[in-house]
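# Summary of the model geometry
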Amino acid sequence: MSKSVELARLIRDRAGDEPPEYGLVLGSGLGHLAQAVEGVAIPYSALAGFPHAGVSGHVPQLVIGTLEGRRVAVFAGRAHYYESGRADAMRLPLEVLKALGCTKLLLTNAAGSLRDDMQPGSVMLLSDHIAFAGTNPLIGETTEARFVPMTTAHDPEIRAGLAASARAEGVDLPEGVYCWFSGPSFETPAEIRAARVLGADAVGMSTVPEIILGRFLGLRCAAISVVTNMGAGLSDEAISHDHTKAMAPIGAAKLEKILRRFLRDGL
Ligand code: HPA
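Residues numbered from 1 in each chain as written. Predicted model: local features only at pLDDT ≥ 70, side-chain atom pairs only at ≥ 80, totals over all residues. Heavy atoms only, no water.

### Concerning unusual backbone geometry
Here is the rule we go by: Numbering of helices and strands starts at the N terminus; helices are DSSP runs of H or I of at least 4 residues and strands are runs of E of at least 2. For the exposure calls, accessible area comes from a 1.4 Å probe over protein chains only, and a residue counts as buried if that area is under 20% of its type's maximum, exposed if over 50%, partly exposed in between.
Cis geometry is adopted by the peptide bond preceding proline 184, which originates at glycine 183 and carries an omega value of 0°. Structurally, proline 184 can be placed in the loop between β7 (175–180) and α5 (189–198). Although it is not a glycine, glutamate 68 sits at a positive phi angle of roughly 50°. With respect to the helices and strands, glutamate 68 occurs in the loop between β3 (61–67) and β4 (70–76). Take glutamate 68: its relative accessible area is 27%, and that puts it in the partly exposed class.

### Looking at the packing of aromatic side chains
The geometry of an aromatic ring pair is captured by the separation of the ring centres together with the interplanar angle, meaning the angle of the planes. Rules: The criterion for an aromatic pair is that two Phe, Tyr or Trp rings (for Trp, the six-membered ring) have centres within 6.5 Å, with stacked assigned to planes under 30 degrees apart, edge-to-face to planes over 60 apart and tilted to the rest. Definition used: whenever NZ (Lys) or CZ (Arg) falls within 6 Å of the ring centre and also within 35 degrees of the ring normal, the charge is taken to sit over that ring.
All chains considered together, the criterion is met by four aromatic pairs. Centroid distance tyrosine 81 to tryptophan 180: 5.9 Å. Interplanar angle 70°. Geometry classified as edge-to-face. On the criterion of sequence distance, the pair formed by tyrosine 81 in helix α2 (residues 81–84) and tryptophan 180 in strand β7 is long-range, its members being 99 residues apart. Here tryptophan 180 falls in the buried class, since its relative accessible area comes to 0%. One cation-aromatic arrangement involves lysine 104 over tyrosine 22; the distance from NZ or CZ to the ring centre is 4.6 Å.

### Let's talk about the state of the cysteines
The cut-off we apply is this: Here, a disulfide means two cysteine sulfur atoms that sit within 2.5 Å of each other.
Applying the stated rule across the entire model yields zero disulfides. The cysteine cysteine 102 is free of any disulfide, with cysteine 221 supplying the nearest cysteine sulfur at 9.8 Å.

On their own, these measurements won't tell you what the molecule is for.
Structure representation (structure tokens):
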């Protein structure tokens, strides 16, 4: 039996057979939504092969249960490329999600903004992305399925649903292009200017590998960024991980409103 099928069986034994409709990956400083889920929490350490995902101060866990009346699987704890040098660090968790029968994946992250009209505390819906980190989570995959079309990787229907939810909640949700840098160092001002020229609206160190893996697995994907800072050189404010964590809750409140509404209303 494959690892993911084995883990899915273990999870079903604990959390029940009903497949999650949505998988949710929570980004830096955005983990508290997991506590709102009524269900079963399983630490990654109990799931053999799951990454040792660094979330400062929190045990990374998978929470399976109900949020706004909908069955969800929430990954509170994400592994980043920069932790291991492996762009496929989230592959097993996403394979398990698929093995549980889930079909849709919502990703969240903290990001730096390249746009004056997206100040810290705002949220952005990803219309598309640029994989600027110079790698791909499917390198080494040998099946033909590795040639994943990415033309509509950010699902138009889910995006429209998220946009409608934001409107209904009175939350401004501009769309924009997210550019994936490897991290863990932040960008230089020249890199931020370059990303702008390339057509990016925000920068960050995650999410893109998970979108690629999600599409590889046939999951419908969409992602929202919470802006924690302006990109390097675009404001006088110093950029740091502590600042990211301190700022994330401001946008996280907006993100939570959108996601709750989206789950309540459905697609
Ligand atoms: N750059 C990359 N990742 C980030 C940033 C940033 O400015 N802010 C939050 N995550």
